[in-house]
Structures are given as C-alpha cells and as structure tokens.
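# Observations on chain architecture
Residue strings, one per chain:
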Amino acid sequence: MINLTIDNKPVQVEEGTTILKAARQAGINIPTLCYFELNGMKFENKPGGCRVCVVEVKGRKNLAPACATDCMEGMEVFTHSARVINARKTVVELILSDHPNDCLQCEKNGDCELQALAKRLGIKEIPFKGAQSTYRKDATLSVERDMDKCVMCRRCETMCNKFQSVGALSGVNRGFQAVVAPAFEQNLGDSSCVNCGQCVQVCPVGALTLVDNIGDVMKAIADPTKKVVVQTAPAVRVALGEEFGMQPGEIVTGKMAAALRRLGFDYVFDTDWSADLTIMEEGTELLGRVKSFLAGDKNVKLPLFTSCCPGWVTFYEKNFPDLLDYPSTAKSPQQMFGAVAKNYFAQKIGVKREDLVVVSIMPCLAKKSECARDEFKVNGDPDVNFSLTTRELAHMIKQCNLDLNDMPEEDFDSPLGQSTGAAVIFGATGGVMEAAVRTAYEIYCGKPLPKIDLEAVRGIYGDSVRTATVDFNGLAVKVAICYGLSNARKLMEEVRNGNPNGYHFIEVMACPGGCIGGAGQPYHHGHSDIIQKRMEATYREDAGKPIRKSHENPDIIAIYKEYYGEPCGHLSHEQLHTHYFDKSDKIEATK
Amino acid sequence: MAGQINNVGLIEVPMGITLREIIYEIGGGIKGGRQFKAVQTGGPSGGCLTAKHLDTAIDYDSLVAAGSMMGSGGMVVMDETSCMPAIAKFYLEFTCEESCGKCSPCRIGNKRLCEMLEKITDGRGTMEDLQELRNLAAVIKDTALCGLGQTSPNPVLSTLDNFWDEYVEHVVDKKCRAGVCKKLMRYEIDREKCIGCGKCAKGCPAEAITRTDYTAPGHKLASMVIDSEKCLKCGACIGGCKFGAISVK
Ligand code: SF4
Ligand code: SF4
Ligand code: SF4
Ligand code: SF4
Ligand code: SF4
Ligand code: SF4
Ligand code: FES
C-alpha cells in the first residue's frame, strides 16, 4: 500500500493506482476529458492528451496529469491550487478556442462532456481568438463525423482498434491539423468500419454522432397513404427511461408502447416477438448441424455463430471471408420482423408492401446500415424502412410534448407483439445463447430443461470469453460467448485453426455487455454500472414472464401453423434467412 | 554557431567556456561591427540570452539558470537588426510545425502563441495581450505532455523577460526599433525636401503616392505624399528619391 496526501487529506491506495483514482477514493472528483474507462469491462483510454486533469505534485517541476500518473509513497498532491485552476481553465479555453461552440445546433447538446466541463469551470469567455482547424465532413449510413468538433481525446480510436480490433480510426496529420480519420484519410464508409457505432457512444463531444432518421419517420407517420408499423428491440425498454430521469434499469415496456401509440404509429409491435422467431430458426439450424455432424458428415460447419448483431456480421464479412459458412443464416430479429411484416402482415391487413412502413427502435447504430442492405429489399423496397435508436425515440417523445413518466402501461398489438422471457434476454450478452439453449434442448431431448437459468453465460464483467458445456442427453454441447469484436476475432481465429476447443455454438455481440451497451442507447459516459443495471433489469423482465421459452410462444406456434410451416422450411428459408458476402476488399485496400 | 557573427560554423569547446569567449574570440565578434543583442542557445526551444548573460559559463546548469538550455548545442547570435518579438514568432512557427498534436496545450496553445505574436508584430497587440501571452506560455510549459511542448514557449518567455521594453514598444508605440516588423514601418515624404518630380509615384507598385497641393518654398512642383494605408513597405520609393526626401520611421 502507498500513503499520500491529496489536498492535505491522507489517502492509502494500492501500488499502481493513479492520482485520479486515488482522488476519487478520497471523494475528490478531478475533471477529465480524454480519460475514459468502462470499469470491469476491459476498456480504458488513457492517452494523457487533454491535460484537463492536471494537478500539482509537490517537488515536481511541471503539473502532472492525474489520469496518467501513478501515486508514490509520500506524494503531496494539490488538485485545486491557483496554479492548477489557472492551468486547467486555460487548457479548456484553448480547446474551446479551436471548437465551433455551436451547442444550440449540436446533436450532443445537453449530453456533451466538453459543455459540462466548460460549465463546471465557469468559462465565461475565450481569450484566445484564432484559426479553427477544419476537416471535411463524412458519414456512413450509421455514423456522422464532424472533426471540427473533435478534441483529440482518442477514445474512438481506442474503442475501434483495441476493443473492436476493427482499426478504422487513427490519428492522422500533426500539430494543429491533427485529426482522427481512417487510414489514407478515406471516407469511413470505404474503410474497415463495421458501423457498430461504439466510437459514437464514447465520443465526449459532437464529433461523432448518429445519423438522425427522426424526420423520415415523422414524415411517414404524417403520410395518410401509409400504414406505419413499429417494432422495439429488447434492450430499448431497459434504457429508455434514463432519458426521462428514471434510474438505470427501470423497465418501461408498457409506457414505451403507450408513447409509441401516441406518436401515431398504427401498429405497435415488438422485436421480442421476432427474437422468439429467430430462436426457432437458429436453434433448428444448430440442431441440424449438430445432427449431421454426429451422423458423420465431415463438411458440416461447426461451431455455429449467432448472426443477430449486424456489427458482428459486417466484421466477419470484412475479415473472415473464408468462414462465411459458419454463422447462422438466420436473419437478425430486426430483419426477421421486417420480412414477416412486409410479407405476412401486409397481406393479412390487405396493404401493399410499399404502403407499409416498418420502423424499428434499436439500441444500435449498425441496424441503420443493416436495414439498407440490398438483400433486405424487394424491388427496392426495404423490409425495414427506418431504424431509430433509443436516443432518437426519446427525442421524438419529447418533441411530441410527451413525458414517458406520465404514460400509462399498455400492451403491444397483436399478432406480432407477444414474446417470451427468452426474447427479452437477447438484449444482454449471453442472452441469445441462453434463449437458444432453452429451445434447442427441449427439441433435441424431448423433455423440459431441468434448470432454465443458464447462469454460466450471464454477466458483463469477468472473462473476455465465457464458456459452458450443456448436457443434451449425454451430448456435451460446448458454447462460448463474448462481446467486443476483438474477442470475436480471437474465436474466429481459433475456428480457422481447427476449433481446438470443440465449440458447437458461439454467440458474439459487438457492444460492451451486448445490445444493452449499444451505441444507440442513452450515453453511459463510461459508467459500466449503468450497463450492469440494464442487464439486471433484463433478467428481471425475463424471470417475470409467464412464458420463458421461445417455442412455447403461442403467436410463434400460430405463425408456423398458419404461414411458415416449419422452422428452416422452404418459406422460412426464403424470408427469414440470408447469406453473406465477401467484403474483404475494404480491408485489403488499407493493408 | 550561426547568425550575425563573423565566423559561423561548427565548433568544439570545453564545458565552462563563456558566451563572451565564444562570440567575441572564436566567433570574431558581430558582423559589421554592430551591437550584440541576444544569443539563442539550445535550438528552437531554447531561450534568448542578452548582453548581461555574456559571462555565463556554458554548461547544463548555468544555461538553465539563465533561462535557456544546452539543448542541441546550437547558438544563434543576433545583433540590433533583430526584432525580438519577431524572433520569438519565428521559433514558434517552427514548433507549431513540429507539434505532434497529441496534447491540447501544445497542439492548440502553440498555435495561439504564434497568432498572438503575429498580432503584436503586426501592431495590433495590446498590453492585455502581453499578459495573456505570458500566462499562456507558462501554462503550456506547465501542462504539455512531452519535452517539445514543455520547452516550446521558452523563446517567448525569455524574450518577454529580457526584452520587455521591445514588446511594449510594439503594442503601445506601434514601433519596431529593429525595423523588422513591416507593418509597423511608416514611409514618409518630407514635404519640404520633396521637389515634386514624381519619380517615386511612378515606381510605387501600390499606387500609394499622390501629389499634394502644397509646394514647398523654392520648388516649382507640389510635393508628394504617401498613403500609409496603401503602402506595402516595399522600399522602392526610398531608393529612387535622389533628394533624400523619403524616410522610414
Ligand atoms: S460538441 Fe459539445 S461543446 Fe461542442 S458544440 Fe456540441 S454541445 Fe457544444
Ligand atoms: S462504428 Fe465501430 S467500427 Fe466503425 S469506426 Fe466506429 S468503432 Fe470503428
Ligand atoms: S472523434 Fe470524438 S472520440 Fe474521437 S478523438 Fe475526436 S473527440 Fe475523441
Ligand atoms: S451488440 Fe447489439 S447494439 Fe451492438 S452492434 Fe450488435 S446488435 Fe447493435
Ligand atoms: S507536447 Fe509533445 S505530445 Fe504534446 S502535442 Fe506537443 S509534441 Fe505532441
Ligand atoms: S514603400 Fe513601396 S509601396 Fe510604400 S510608398 Fe514607397 S514605393 Fe510605394
Ligand atoms: S483526462 Fe488526463 S490527460 Fe486527459
């Protein structure tokens, strides 16, 4: 242990603790800008670049960055001496002097860490006037880049390179011209980017933002010739409340359904319903592959990878073109829902598919790009027209003079609204796996699963890759789960090297903790406990559901009876499954 | 050893030798017999030392104590034709180029220092700017991440310390005593001396010279005048006037 004083207060910390953390332990909150951590989730950005966190250390010539300086025995630290406050203010004034400062028109207004910092330090004017560094604007279907607002904190870069191992962003140019950009300064859409949007989730300012589709959706609602259907993803209901001042982890399913109805959607449905459908298709596919394997088929592709995360799908299309036969061909729940809505449901209510507008509310930015993929269109008409994020939905609700807190509890509409606990947990890492096991076990073994909760696969902290073995009547089914594409990359490389651990089924989610930590969710500003609370809410919602297994969902049973016949049958192959493309040229170009 | 000195080149000297010995003995003194003004030691992030430092011994500690450093071992000698705010700006332009851009004080701060020095040498500076300049330079030194940013304000701080009067002249009197800062120069025609030949006006690229309605006693033609707003300070007129009527102030 190390003893030091911070603002004359004695503090004892473990060796290797930074001044920043020691100060927090002592109840002193030193401001930061570039530093970013998802505690317990193996994500830390510590470039020591912004110099906002500087403190005075007795005997040291210059000020020390608290985030990047380890405590030493006997250290005397001062966090608010006149010298420190002056330096900190000057540094923030400098940052603001090279910033557009157009908060009123900024996507980040109210959520911006630079804005909060300026307020906290009481910045009243910026004494430095001068040139502004500027860079061309750029956007993909999911992410918008305005580097004029970039403060060079490098959080995006660490996220993209270390956590996702995508490597789409890095520092380019030098000095005043320095920016974060893809290699060779190409556009993000031409790079290795997979549109996971995590760079947006961690960007402290409005330099990286989402592509806003609220206007498109409002227009569709206002169009009398259109019927507008909305579906809401599992992770949205455990996070939306945060935008309305509720505690993280409040479940707002019923209030959200009520708000959506008041926004003018004609049918308020649930992506949870199609998550149950996904389990039927993916679970059947898994059993099919396992059975072929047991029957001696040497060409069968195992492990089966989940395919419900479009960030992950794009990642393997770009990085593992030789392994495109491994992931499940089942569409993501968003796209399954779209296919069912535009085929089955449009027909059922007698509306032409072009006149049915399908909107999804997702925790995700990758879904905006996913729904625009050509293979998910029929004669140019997309199965899902627009994908909004949790944050956009909150904006829409506020724009329409509503407050989620005041909403009554309402149900989803039928027939694409009823879901099970298995679908709810899709939102958390390990959830798809657990849901699939609940169904696959019972179909394979022909008897009820002895223990419904597969605790071994749950949790956002701990091992990067979680594994479990489930006994399917003597058949040991080996599963692995991870979030973060750098972990997925390791698993893919294992598979390339012959799958030495003998996995049968692997679940991958791109975002920290799965979709509950998605890039379209309310900003967590690095508080991993917020993601933890969303996860707890997810499992609470599951436990409270009368039906917790996808194959027992009466609406799912009904749609197979009425329309699809059987899982992985002919019609479901046509509508509910997809195929993958070799997109490695995007990576090759930057090599 | 470089600059306005008779013998420039590479020299090897023992530690502890004084600046005076190097400049006046090895360097052979200042070019054209002009006055020594300053010596910048240690490369672009060193400091500018003055005549009062001439007997400083050249070693690591003494140079730091005097407000400069050993750095690269380079020395640039300057005489009275060097303007110190302009010299500080010259070095800052170099460090702006060299900044990697990782930390905010160096990335943005050095750029701002440069811009403030430009304002001062352009004659747009104020006394507040001088305070701000000193504060910013000190904060950059105190907060930058690496050695480059921690030393890049040295030319500013050392010239502010050693040549404060010269800065004040730039912002208050709008004068550059070394005659380096073009925007602070004024070309003027002495209307009594001007015979009104108009040669200067023909040669002026900015059409800044016009005829007045004043004819000096003893002259036939009205004398000329320079519009200093239009004047580019190119110096063409002054060389062309055989009557010595044009001067720079
Ligand atoms: S990024 Fe933040 S500080 Fe900058 S304009 Fe947007 S809200 Fe304002
Ligand atoms: S969206 Fe994801 S993959 Fe694309 S640049 Fe951002 S972090 Fe990287
Ligand atoms: S784009 Fe955002 S996250 Fe990336 S370096 Fe700039 S400010 Fe930081
Ligand atoms: S983990 Fe969920 S939120 Fe994140 S990219 Fe994948 S599907 Fe989207
Ligand atoms: S001080 Fe160093 S790290 Fe910071 S921008 Fe300058 S050169 Fe880069
Ligand atoms: S200095 Fe040049 S521009 Fe100015 S008046 Fe003389 S000739 Fe014209
Ligand atoms: S927060 Fe410590 S240097 Fe940026």
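Residues numbered from 1 in each chain as written. Chains lettered and ligands numbered in written order. Predicted model: local features only at pLDDT ≥ 70, side-chain atom pairs only at ≥ 80, totals over all residues. Heavy atoms only, no water.

This part takes up the interface of chain B and chain A. Between chain B and chain A, the residue contacts involve 27 residues of the former and 31 residues of the latter. Taken together, the two surfaces of chain B and chain A that pack against each other cover about 2,200 Å², and 54% of this comes from carbon and sulfur. The three residues of chain B that bury the most area against chain A are B:R107, B:R112 and B:D142, which together make up 27% of that side's buried surface. The tally of links from chain B across to chain A stands at two salt bridges. The closest approach of N and O atoms between A:R174 and B:E98, which form a salt bridge, is 3.6 Å. Summed over the shared surface of chain B and chain A, the result is 15 residue pairs in polar contact (both at pLDDT 80 or more). Mapped onto the side of chain B that touches chain A, the elements with two or more residues apiece are α3 (84–98), α4 (104–121) and α5 (127–143) of chain B. Top contributing element to the side of chain B that touches chain A by residue count: α4(B), with nine residues. Within the side of chain B that touches chain A, the residues separate by chemical class into 10 nonpolar, seven polar and 10 charged. (Contact = heavy atoms within 4.5 Å. Buried area = accessible area lost by both parts, 1.4 Å probe. Salt bridge = Lys/Arg side-chain N within 4 Å of Asp/Glu carboxyl O. Polar contact = N/O pair within 3.5 Å; in protein donor to acceptor, adjacent residues only side chain to side chain. Helix = DSSP H or I, 4+ residues; strand = E, 2+ residues; numbered from the N terminus. Nonpolar A, V, L, I, M, F, W, Y, C, P; charged D, E, K, R; others polar.)

All names here are of chain A. Given a rise of 1.5 Å per residue, 24 residues ought to cover 34 Å, and the 34 Å separating the end C-alpha atoms of helix α8 (residues 271–294) matches this to within 8%. In terms of burial, α8 is largely enclosed, as 18 of its 24 residues are buried. N-capping of α8 is provided by D270, with a side-chain oxygen placed 3.1 Å from the backbone N of D272. (Expected span 1.5 Å × (residues − 1). Buried < 20%, exposed > 50% of the residue type's maximum accessible area, 1.4 Å probe, protein only.)

Residue and element names in this part refer to chain A. Most of strand β21 (residues 475–483) is tucked away, with seven of its nine residues classed as buried. One ladder, built from eight bridges, connects strand β20 (residues 465–472) with β21; its direction is antiparallel. Within the sheet, the bridge partner assigned to D471 lies in β21 and is A476. Taken together, β20 and the strand that follows it, β21, pair antiparallel across an intervening segment of two residues, in which N473 is found at a positive phi of about 50 degrees. Sheet topology places β21 next to strand β22 (residues 505–509); five bridges connect them, and they run parallel. From the neighbouring strand, I481 faces β22, where its bridge partner is E507. In the classification by handedness, the crossover that spans β21, the intervening helix α15 (residues 485–496) and the parallel β22 is right-handed. (Pairing = 2+ DSSP bridges. Right-handed = clockwise from strand over helix to strand, strands pointing away.)

Neighbouring residues of ligand 2: A:C160, A:V166, A:A168, A:L169, A:L188, A:C193, A:V194, A:N195, A:C196, A:G197 and A:C199. Looking at the shell around ligand 2, its residues break down into nine nonpolar, two polar and no charged. (Near = heavy atom within 4 Å.)

A pair of packed helices can be characterised by two numbers: the angle between their axes and the separation between those axes. Residues and elements named next belong to chain B. Taken N-terminus to C-terminus, the directions of α4 and helix α8 (residues 164–173) make an angle of 65 degrees; their axes are 8 Å apart at the nearest point. In terms of orientation, α4 lies roughly perpendicular with respect to α8. For the pair formed by α4 and α8, the contact residues are L117, I120 and T121 on the first element and Y167, H170 and V171 on the second. In terms of residue class, the contact of α4 with α8 is made up of four nonpolar, two polar and no charged. (Axes fitted to C-alpha atoms, helices over the stretch in contact; angles between N-to-C directions. Parallel < 35°, antiparallel > 145°, perpendicular 65-115°, else oblique.)

Our next topic: the sheet that holds strand β9 (residues 143–145) of chain A. All names here are of chain A. Across the sheet, which stays open at both edges, the three strands sit in the order β8-β9-β12 with antiparallel pairing between neighbours. Each of the sheet's edge strands pairs with one partner strand only, and the pair in question is β8 (138–139) and β12 (208–210). Taken together, the two bridges between β8 and β9 define a ladder with antiparallel strand orientation. Note that in β9 the partner of D138 across the bridge is R145.

Let us now look at the packing of aromatic side chains. Residues and elements named next belong to chain A. For the structure on display, the rule yields 18 aromatic pairs over all chains. One aromatic cluster is present, built from ring pairs that chain together F305, W312, F315, Y316, F320 and Y580. Seen from the ring of Y523, K108 lies directly overhead, with NZ or CZ sitting 4.2 Å from the centre. It is K398 that lies over the ring of F244; its NZ or CZ is 5.1 Å from the centre. (Phe/Tyr/Trp six-rings, centres within 6.5 Å; stacked < 30°, edge-to-face > 60°. Lys NZ or Arg CZ within 6 Å of the ring centre and 35° of its normal.)

The next subject is the side chain of A:S360. Residue and element names in this part refer to chain A. Inspection of the secondary structure assignment puts S360 in strand β16 (residues 356–362). For S360, a relative accessible area of 0% translates into the label buried. Of the polar contacts made by the side chain of S360, one reaches the side chain of Q334; its length is 2.7 Å. Apart from residues lying up to four places away in sequence, S360 is in contact with Q231, Q334, V384, F386, S387 and L388.

Here we come to the domain arrangement of chain A. All names here are of chain A. Entries for chain A in the domain assignment read domain 1 (2–120) and domain 2 (277–332 + 420–554 + 579–586). Using only C-alpha atoms to locate each centre, domain 1 and domain 2 end up separated by 39 Å. Listed as interface residues are 10 residues of domain 1 and, on the opposing side, 14 residues of domain 2. The contact between domain 1 and domain 2 buries some 970 Å² in all, and 60% of this surface belongs to carbon and sulfur atoms. When the buried surface of domain 1 facing domain 2 is broken down by residue, L38, M41 and K42 rank first, second and third, together holding 49% of it. Applying the counting criterion to the domain 1 and domain 2 interface returns zero salt bridges. Counting every contact that joins domain 1 to domain 2 gives three residue pairs in polar contact (both at pLDDT 80 or more). Top contributing element to the side of domain 1 that touches domain 2 by residue count: strand β3 (residues 36–38), with three residues. (Domains from an automatic or database assignment.)

Let us now look at α4(B). All names here are of chain B. Compared with an ideal rise of 1.5 Å per residue, which puts 18 residues at 26 Å, α4 spans 25 Å between its outermost C-alpha atoms and is within 8% of the ideal. The element α4 is largely enclosed, with a buried count of 15 among its 18 residues. Where α4 ends, the next residue or the one after it, G123, has phi of about 85 degrees, a positive value.

Below, the discussion takes up the confidence of the model for chain B. Mean pLDDT over chain B works out to 93, with 100% of the residues at or above the 70 mark. In the model output, the complex is listed with pTM 0.93 alongside ipTM 0.92. (pLDDT = per-residue confidence, 0-100.)

With that out of the way, let us pick up the pattern of salt bridges. All names here are of chain A. On inspection of all chains with the given rule, the structure shows 53 salt bridges over all chains. Salt-bridge contacts for R353 lead to D383; the nearest nitrogen and oxygen are separated by 2.8 Å. Separated by 30 residues along the polypeptide, R353 in the loop between α10 (333–349) and β16 and D383 in the loop between β18 (381–382) and β19 (386–389) bring together distant segments of the chain. Counted as one network, the salt bridges with shared partners bring together E434, R438, D453, R458, D542 and R548.

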